[in-house]
Amino acid sequence: VNQYILDTLQSSIVGLQSLLVHYIDNPAAEPFNLNQVPITTAPAEVTPSSKTDELITESRKPAVPTKTRQEESAERLAQIPEFARLGPLFKSSPKPIELSESETEYYVRCDVHTFPQHLVLQFEVTNTLDDQQLENVSVEVAGENYTVLGYLPCPKLVYNTPGTCYTLLQLPEDPSLVPATFACNLKFLVKDCDPNSGEADAVGYEDEYVLEDLDIGLNILIQRVFKTNFAASWDEQGDENQAEETYSLNTVKSLNGAVDQLVNFFGMQPCERSDRVPDDKTAHTLLLAGQYKDGVECLIKTRIVFDGVVNMKICARSADPALNELLVSSI
């Protein structure tokens, strides 16, 4: 009851519409699962206006849903035949991950898209050399516990015009094996070209370029959830649905550093502004809320103490005991 009274609907309207259309067009024996609808990346906010008449005028305008970055990614990926049947997009990385510097010959960034059983790695590649044209561009990856199912190359890359290629991976069945480091290798056919005319040679040669490693963490499996009353949600889960563990973080030198690392590590939403550590404090409690990719809501409460070394007690609550153990044992 608390979920529906205290917390507003956080499902993406655009995502809900898309999944309903897909469900109607592809009848299934199972009922429609609301937990598969992507979550909005930010709560609805009302922007105040200094003029009453402007506010009234704005209120009369029909509301037009604004697509988030993830919703745009979902629509784009759904148009690609190789990805159309992967199921609903659960989460996209909040921002691209740089795999090379912009000043290098080939500037590469990666977006990670999480589906129920798969990962799609979207690579944006920019050729910064005006005397080269690249063709059949792909990024080959290698990482433990993952199976590469295929590559979707970029047909052609001309000077200073970004192009996109994709790599499709099978997610490990065991979620504890999801965190991984991938070696990435950019592969392509090079054709020399005239910098002035842009005309490329008819014949090229195969080449490759080693990129930075791509780190994948547990946060790709967890979506942020906003909680208006964390304490009520925490109490609702109950002590019987809790797992806990203690850690010392020798490499972290401050409370702020510990909080930032935990927020990024879990990919969950800080609640009640607990990601902000007051000055001159030696102890702090971080509150996090999220939803696992199977639709289970999860909460984390971490007590952090700094006395030259960061020590913390992390408690996780959800309806799934295995998920609780996964969260507290993953540090």
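Given the structure is predicted, the values throughout are model-derived calculations rather than measurements. (Residues numbered from 1 in each chain as written. Predicted model: local features only at pLDDT ≥ 70, side-chain atom pairs only at ≥ 80, totals over all residues. Heavy atoms only, no water.)

A count of helical and extended segments in the chain gives 7 helices and 17 strands. Looking at the chain residue by residue over its 331 residues, the buried ones come to 41%. A total of about 18,400 Å² of accessible surface is found on the chain, and carbon and sulfur atoms cover 50% of it. (Helix = DSSP H or I, 4+ residues; strand = E, 2+ residues; numbered from the N terminus. Buried < 20%, exposed > 50% of the residue type's maximum accessible area, 1.4 Å probe, protein only. Areas by Shrake-Rupley, 256 points an atom, 1.4 Å probe, with all protein chains shown as cover.)

Along helix H5 (residues 230-237), the positions that sit buried rather than exposed are Phe230, Ser233, Trp234 and Gln237. Viewed along the axis of H5, the buried residues span an arc of 100°, placing them on a single side of the element. (Arc of directions from axis to C-beta.)

Bringing the nonpolar core into the picture now. Phe123, Tyr146 and Leu186 are the most contacted members of the largest nonpolar core, which has 61 residues in total. Core analysis: the next-biggest nonpolar cluster, separate from the first, contains 9 residues, Ile80, Phe83, Phe115 and Tyr166 among them. (Core = buried A, V, L, I, M, F, W, Y, C linked by side-chain atoms within 4.5 Å.)

Applying the stated criterion across every chain yields a total of 6 aromatic pairs. Ring geometry for Tyr106 and Phe188: centres 5.0 Å apart, planes at 55°, overall tilted. Placement of Tyr106 in strand S3 (residues 106-114) and of Phe188 in strand S9 (residues 180-192) is noted, with a sequence separation of 82 residues between them. For the pair Tyr106 and Phe188, one class covers both residues: buried. When the centroid spacing of 5.2 Å and the interplanar angle of 80° are considered together, the rings of Tyr106 and Tyr209 count as edge-to-face. One end of the pair, Tyr106, is in strand S3; the other, Tyr209, is in strand S10 (residues 205-210), with 103 residues separating them in the sequence. With a relative accessible area of 5%, Tyr106 lands in the buried category. (Phe/Tyr/Trp six-rings, centres within 6.5 Å; stacked < 30°, edge-to-face > 60°.)

Turning to the pattern of salt bridges, a few remarks are in order. Two side chains bearing opposite charge may form a pair once their charged atoms approach each other closely. Tallied over the full model, the rule gives 8 salt bridges. The partner of Arg69 in a salt bridge is Asp111, and the shortest N-O contact between them spans 2.5 Å. Of this pair, Arg69 sits in helix H4 (residues 69-78) while Asp111 sits in strand S3, and the two are 42 residues apart along the sequence. Classification of Arg69 as partly exposed rests on a relative accessible area of 35%. By relative accessible area, Asp111 is classed as buried at 11%. (Salt bridge = Lys/Arg side-chain N within 4 Å of Asp/Glu carboxyl O.)

What follows deals with unusual backbone geometry. Of note in the backbone geometry, Asn145 takes a positive phi value of approximately 75° without being a glycine. As for its position among the elements, Asn145 is in the loop between strand S5 (132-142) and strand S6 (147-152). Its identity is not glycine, yet Glu272 carries a phi of approximately 55°, on the positive side. Mapping Glu272 onto the fold places it in the loop between strand S14 (269-270) and strand S15 (283-292).

We now examine helix H6 (residues 255-266). Along its 12 residues, H6 runs 17 Å from first to last C-alpha, staying within 8% of the 16 Å computed at 1.5 Å per residue. Taken as a whole, H6 has its buried residues at Leu255, Ala258, Val259, Leu262, Val263 and Phe266. Viewed along the axis of H6, the buried residues span an arc of 130°, placing them on a single side of the element. Among the structural elements, strand S12 (222-224), S14, S15, strand S16 (297-306), strand S17 (310-318) and helix H7 (321-329) are those in contact with the buried residues of H6. One side-chain oxygen at the N-terminal end of H6 lies 3.0 Å from the backbone nitrogen of Gly257; it belongs to Ser254. (Expected span 1.5 Å × (residues − 1). Contact = heavy atoms within 4.5 Å. Polar contact = N/O pair within 3.5 Å; in protein donor to acceptor, adjacent residues only side chain to side chain.)

On to a negative patch on the surface. Together, Glu98, Glu101, Glu103, Glu212, Asp213 and Asp215 make up a negatively charged patch on the protein surface. Turning to its location among the elements, Glu98 is positioned in strand S2 (residues 97-98). (Patch = residues over 30% accessible without salt bridge, like charges linked within 9 Å, V, L, I, M, F, W, Y side chains within 5 Å. Lys, Arg positive; Asp, Glu negative; His and termini not counted. Charge placed at Lys NZ, Arg CZ, Asp CG, Glu CD.)

Turning next to the confidence of the model for the chain. Per-residue pLDDT for the chain averages 87, and the proportion of residues at 70 or more is 81%. A low-confidence stretch, residues 1-6 (pLDDT under 50), is modelled with 9 contacts involving residues beyond four sequence positions or located in other chains. Ignoring residues within four places in sequence, the model shows residues 42-52, a span with pLDDT below 50, making 4 contacts including any to other chains. (pLDDT = per-residue confidence, 0-100.)

Looking at the element boundaries, Ser100 is found in the loop between S2 and S3. At 2.7 Å, the side chain of Ser100 forms a polar contact with the backbone oxygen of Tyr106. Looking at Ser100, its side chain comes within polar contact range of the main-chain nitrogen of Val108, at 2.9 Å. Discounting residues that sit within four places of it in the chain, Ser100 has contacts with Tyr106, Tyr107, Val108 and Leu211.

Moving on to the environment of Leu186. Inspection of the secondary structure assignment puts Leu186 in strand S9. Here Leu186 is in contact with Tyr106, Val108, Val125, Val137, Ser138, Val139, Asp207, Glu208, Tyr209 and Leu211, once residues within four sequence places are set aside.

In this section: the side chain of Thr302. For Thr302, the location among the structural elements is in strand S16. Aside from chain neighbours lying at most four places away, what touches Thr302 is Leu262, His284, Thr285, Leu286, Met312, Lys313 and Ile314.

The subject of this paragraph is the environment of Lys187. Along the polypeptide, Lys187 turns up in strand S9. Judged by relative accessible area, which is 27%, Lys187 ranks as partly exposed. The spatial distance from the C-alpha of Lys187 to the C-alpha of Glu140 is 7.2 Å, given a sequence separation of 47 residues. Other than its neighbours up to four places away in sequence, Lys187 contacts Asn136, Val137, Ser138, Glu140, Asp207 and Glu208.

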